[in-house]
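Summary of structural features
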Amino acid sequence: MNPRPPAPPPVAPSVASAPVAHNPHYERIGGEATITLLVDRFYAHMSEREDAQAIRAMHGPDLRDVKRVLVNYLVEWMGGPQRYSTERGHPRLRRKHLSFRIGQAERDAWMVCMRAALTETVSDDNLRRELDNAFFKTADFLRNDQGTPHEHSNR
Ligand code: HEM
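The rules behind the values
Residues numbered from 1 in each chain as written. Predicted model: local features only at pLDDT ≥ 70, side-chain atom pairs only at ≥ 80, totals over all residues. Heavy atoms only, no water. Axes fitted to C-alpha atoms, helices over the stretch in contact; angles between N-to-C directions. Helix = DSSP H or I, 4+ residues; strand = E, 2+ residues; numbered from the N terminus. Parallel < 35°, antiparallel > 145°, perpendicular 65-115°, else oblique. Left-handed = near helix turned anticlockwise from the far one by under 90°. Contact = heavy atoms within 4.5 Å. Nonpolar A, V, L, I, M, F, W, Y, C, P; charged D, E, K, R; others polar. Near = heavy atom within 4 Å. Polar contact = N/O pair within 3.5 Å; in protein donor to acceptor, adjacent residues only side chain to side chain. Donors = N, O, S within 2.8 Å, 3.2 Å for Na, K, Ca; no water. Patch = residues over 30% accessible without salt bridge, like charges linked within 9 Å, V, L, I, M, F, W, Y side chains within 5 Å. Areas by Shrake-Rupley, 256 points an atom, 1.4 Å probe, with all protein chains shown as cover. Salt bridge = Lys/Arg side-chain N within 4 Å of Asp/Glu carboxyl O. Lys, Arg positive; Asp, Glu negative; His and termini not counted. Charge placed at Lys NZ, Arg CZ, Asp CG, Glu CD. Buried < 20%, exposed > 50% of the residue type's maximum accessible area, 1.4 Å probe, protein only.

1. Observations concerning the packing of helix α2 (residues 31–48) against helix α7 (residues 104–121)
At their nearest, the axes of α2 and α7 sit 8 Å apart, and the two run at 135° to each other. One finds that α2 runs oblique with respect to α7. Remark: the crossing between α2 and α7 carries right-handed chirality. On α7, the residues touching Thr34, Leu37, Leu38, Arg41, Phe42, His45 and Met46 of α2 are Trp110, Cys113, Met114, Ala116, Ala117, Leu118, Glu120 and Thr121. Here the contact of α2 with α7 is composed, by residue class, of 10 nonpolar, three polar and two charged.

2. Details of the site of the ligand
What surrounds the ligand is a group of 21 residues, the closest being Tyr84, Arg88, Lys96, His97 and Trp110. At 3.2 Å from an oxygen atom of the ligand is found a side-chain nitrogen or oxygen belonging to lysine 96. With four residues, helix α4 (residues 64–77) is the single largest residue contributor to the shell around the ligand.

3. Considerations on the coordination of the iron atom of the ligand
Inspection of the coordination sphere of the iron atom of the ligand shows a single protein donor, His97 (NE2), at 2.0 Å. Positionally, histidine 97 belongs in helix α6 (residues 93–97).

4. Re a positive patch on the surface
A surface patch of like charges, here positive, comprises Arg88, Arg92, Arg95 and Lys96. For lysine 96, a relative accessible area of 36% translates into the label partly exposed.

Below, the structure written as structure tokens:
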């Protein structure tokens, strides 16, 4: 069975209530500009890497919409303006990912792309580590394929 979901993934103390101006994560990463770059690089890696082709194939050929949605989601997740929920309501990420088969291999392929993108776009080592941890927790929480045992040796 899937482990209980970790508390909502935000690295920010409270996405719902943190005033943007006082949210250290959103400011530390460099706001929307860096998040947009992060998402661009993330999908570039997903499109280019051999080991990510299975998860790339879950997406349509045109990534523009999903990039915009992921930018909005991450902006809000880190404490910026609440554009994602204004547009799309409660994220319900687990439910939204149920139509894709996500096991350990898919989770790890997603993380490989996100790590590569983080390395390229976030120079603050501590912040990068915090984001890496938070992404891993979320990616692991989204696993819906029970076939493979859970390992903690991802890093
Ligand atoms: C674990 C491996 C993951 C896989 C294989 C995966 C795959 C996908 C796919 C195929 C979509 C639909 C794209 C489309 O509409 O064309 C999607 C949507 C989305 N994913 Fe993931 N994802 C993963 C992890 C994550 C993680 C860790 C996050 C957040 C940190 C995330 C956030 C989102 C968001 C925000 C959307 C859009 C939801 C919406 O429609 O409102 N995903 N994902």
